[in-house]
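A look at the structure
Here are the chains, one letter per residue:
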Amino acid sequence: MMERSVIFFDIDGTLLNHDKKLPATTKEAVFTLKEQGHEVAIATGRAPFMFEELRKELDINTYVSYNGQYVVLNGEVLDTNPLSIPSLLKLTETALVNDHPVVYMDHEDMRANVPEHSYIKESIKSLKIDYFPAHDPHYYEERDIFQTLLFCPEGEEKQYEEAFQDFDFIRWHPVSCDVLPKGGSKWRGIEKIVQKLGIPKERQYAFGDGLNDIEMLSMIHHGVAMGNGEEEVKAVAKYVTKSVEEDGIVHGLKMVGLL
């Protein structure tokens with residue numbers, strides 16, 4: 001029997017193709033890994049409520065969400081890392097002046113600080129999820145906020161990066177950035193899980209394609225970049241597989257010897 005490993009999969013552009021569909025070969029591969037006794041987990045920038053159906057379809061109960069700020073192991077919350085509320089309020093004030101809306105996100109829901117905005121519609125629509133943030137400018141009150149979305153055109157996040165040193169800004173769409181606690185990353189969440197599981201680094205794997213996967217793929221022992229991934233992502237990964245459209249997950253798992 002193969003020694004137990006842990007494999008972390010990003011969602012968008014990795015598990016799901018560009019139509020946000022799960023390839024049949026990927027689903028089959030995930031269940032084969034599970035049958036072999038491996039721990040299969042998700043590592044995503046998405047909120048937990050944005051991939052609940054996918055978790056059910058793949059029977060995955062361990063995940064790193066919000067780019068490492070909300071970590072669950074076997075259905076139990078293992079670690080959380082919320083944003084600083086005083087800094088978040090200052091960010092919101094600045095964003096309002098610039099006509100840059102924000103969306104506050106906790107582990108259950110998300111709410112926008114403005115009633116509607118074209119940037120929010122455009123970027124959320126690209127996720128192809130049946131979900132849209134309602135308006136509640138006070139949603140941050142009396143709850144932990146694990147990630148905020150800042151909606152602004154490319155390049156305009158620079159002013160926020162300079163002004164808010166306790167946040168990291170990671171772009172995921174031409175008009176939207178993830179706002180995370182400084183130093184927050186998928187790798188931070190992964191570390192919590194692998195420490196708890198006690199699986200040695202030689203049997204730790206991760207697959208990803210986006211800019212928020214760079215730290216994960218550069219730090220984990222076996223980092224696999226998707227063929228459709230950003231060039232900066234491929235540059236730090238140990239392996240580069242085929243694209244998600246070309247059965248990249250199966251190909252990559254064979255490359256590293258797991259299938």
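The text that follows walks through the structure, step by step, so that each part is easy to find. (Residues numbered from 1 in each chain as written. Predicted model: local features only at pLDDT ≥ 70, side-chain atom pairs only at ≥ 80, totals over all residues. Heavy atoms only, no water.)

**Quick word on the overall build of the chain**
Selection criterion: Here a helix means four or more residues in a row that DSSP labels H or I, a strand means two or more in a row labelled E, and each is numbered from the N terminus. As a reference, a globule follows 2.2 Å times the number of residues to the power 0.38, and the radius of gyration itself is taken over C-alpha atoms. Residue exposure (1.4 Å probe, protein chains only): buried if accessible area is under 20% of the type maximum, exposed if over 50%, otherwise partly exposed.
A count of helices and strands for the chain gives nine helices and 14 strands. For the chain, whose C-alpha radius of gyration is 18 Å, the value lies close to the compact-globule estimate of 18 Å for 259 residues. Seen through its C-alpha atoms, the chain measures out along the principal axes to roughly 60 × 35 × 30 Å. Out of the 259 residues belonging to the chain, those deemed buried represent 55%.

**Brief notes about the nonpolar core**
Just so we agree on the cut-off: Here, the term nonpolar core denotes a set of buried Ala, Val, Leu, Ile, Met, Phe, Trp, Tyr and Cys residues that are joined through side-chain atoms within 4.5 Å. Residue contacts follow a heavy-atom distance rule, with two residues in contact if any of their heavy atoms lie within 4.5 Å.
Phe9 and Leu54 are the most contacted members of the largest nonpolar core, which totals 43 residues. Residues in contact with Phe9, not counting those within four places in the same chain, are Leu15, Val30, Leu33, Val40, Ala41, Ile42, Ala43, Phe207, Ile249 and Leu253. One finds Ala43, Val64, Val194 and Val233 within the second-largest nonpolar core, a separate group that totals 20 residues.

**Considerations on helix H1 (residues 24-35)**
Definition in use: In a helix, the anticipated span is given by 1.5 Å times the number of residues less one. Here, the arc refers to the directions that run from the helix axis to the C-beta atoms.
Between its first and last C-alpha, H1 extends 17 Å over twelve residues, near the 16 Å set by a 1.5 Å rise per residue. Every buried residue belonging to H1 is among Thr26, Ala29, Val30 and Leu33, and all of these are buried. In an axial view of H1, the angular spread of the buried residues amounts to 100°, which keeps them on one side of the axis. Exposed residues lying more than 90 degrees from the buried face of H1 are Ala24, Glu28 and Glu35. Each element contacted by the buried residues of H1 is listed here: strand S1 (6-9), strand S2 (39-43), helix H2 (52-58) and helix H9 (248-255).

**Description of the pattern of salt bridges**
As a reminder of what qualifies: What makes a salt bridge here is a side-chain nitrogen of Lys or Arg within 4 Å of a carboxyl oxygen of Asp or Glu, nothing more.
What the rule picks out here adds up to 16 salt bridges. Across the pair Lys186 and Asp213 runs a salt bridge whose closest N-O atoms are separated by 2.5 Å. Taken together, the residues span a long stretch of sequence, with Lys186 in helix H6 (residues 186-197) and Asp213 in the loop between strand S12 (204-208) and helix H7 (214-219) at a distance of 27 residues. One salt-bridge network, in which partners are shared between bridges, spans Asp10, Lys186 and Asp213.

**Focus on helix H3 (residues 85-97)**
Rules: Pairs of N or O atoms within 3.5 Å make up the polar contacts considered here, provided that, within protein, one atom can donate a hydrogen while the other can accept it, and that residues adjacent in sequence are counted only when both atoms are side-chain atoms.
Its 13 residues place the ends of H3 19 Å apart at the C-alpha level, agreeing with the 18 Å of an ideal helix rising 1.5 Å per residue. The complete set of buried residues in H3 reads Ser87, Leu88, Leu91, Thr92 and Ala95. One side of H3 holds all its buried residues, which, seen down the axis, span an arc of 140°. Along H3, exposed side chains directed more than 90 degrees from the buried face belong to Pro86, Lys90, Glu93 and Val97. On its buried side, H3 packs onto strand S6 (102-105), strand S9 (147-150), helix H5 (158-163), strand S10 (167-173) and strand S11 (176-181). Structurally, the start of H3 carries an N-cap: the backbone nitrogen of Ser87 is 3.4 Å from a side-chain oxygen of Ser84. One or two steps after H3, the chain reaches Asp99, where phi turns positive at roughly 55°.

**Topic: unusual backbone geometry**
Despite not being glycine, Tyr66 shows a phi value in the positive range, around 50°. Residue placement: Tyr66 occurs in the loop between strand S3 (63-65) and strand S4 (70-73). Assessed through its relative accessible area of 0%, Tyr66 is described here as buried. Look at Asn67: it is not a glycine, yet its phi comes out positive at around 55°. Secondary-structure assignment places Asn67 in the loop between S3 and S4.

**Description of the sheet that holds strand S7 (residues 110-112)**
Two pairing modes exist for strands in a sheet, parallel and antiparallel, and in both the strands are linked by backbone hydrogen bonds. Quick reminder of the rule: The pairing criterion is simple: DSSP has to find at least two bridges between the two strands. Only the stretch in contact is used when fitting a helix axis, every axis being a line fitted to C-alpha atoms; angles between N-to-C directions are given from 0 to 180 degrees.
Read across the open sheet, the six strands follow the order S8-S7-S6-S9-S11-S10; overall the sheet is mixed. Strands with a single pairing partner mark the edges of an open sheet, and in this sheet they are strand S8 (134-135) and S10. By the bridge criterion, three bridges tie S6 to S7 in an arrangement that is antiparallel. Bridged to Met105 within S7 is Met110. Where helix H4 (residues 118-126) meets the sheet, it contacts S6, S7, S9, S10 and S11, and its direction lies at approximately 70° from that of S10.

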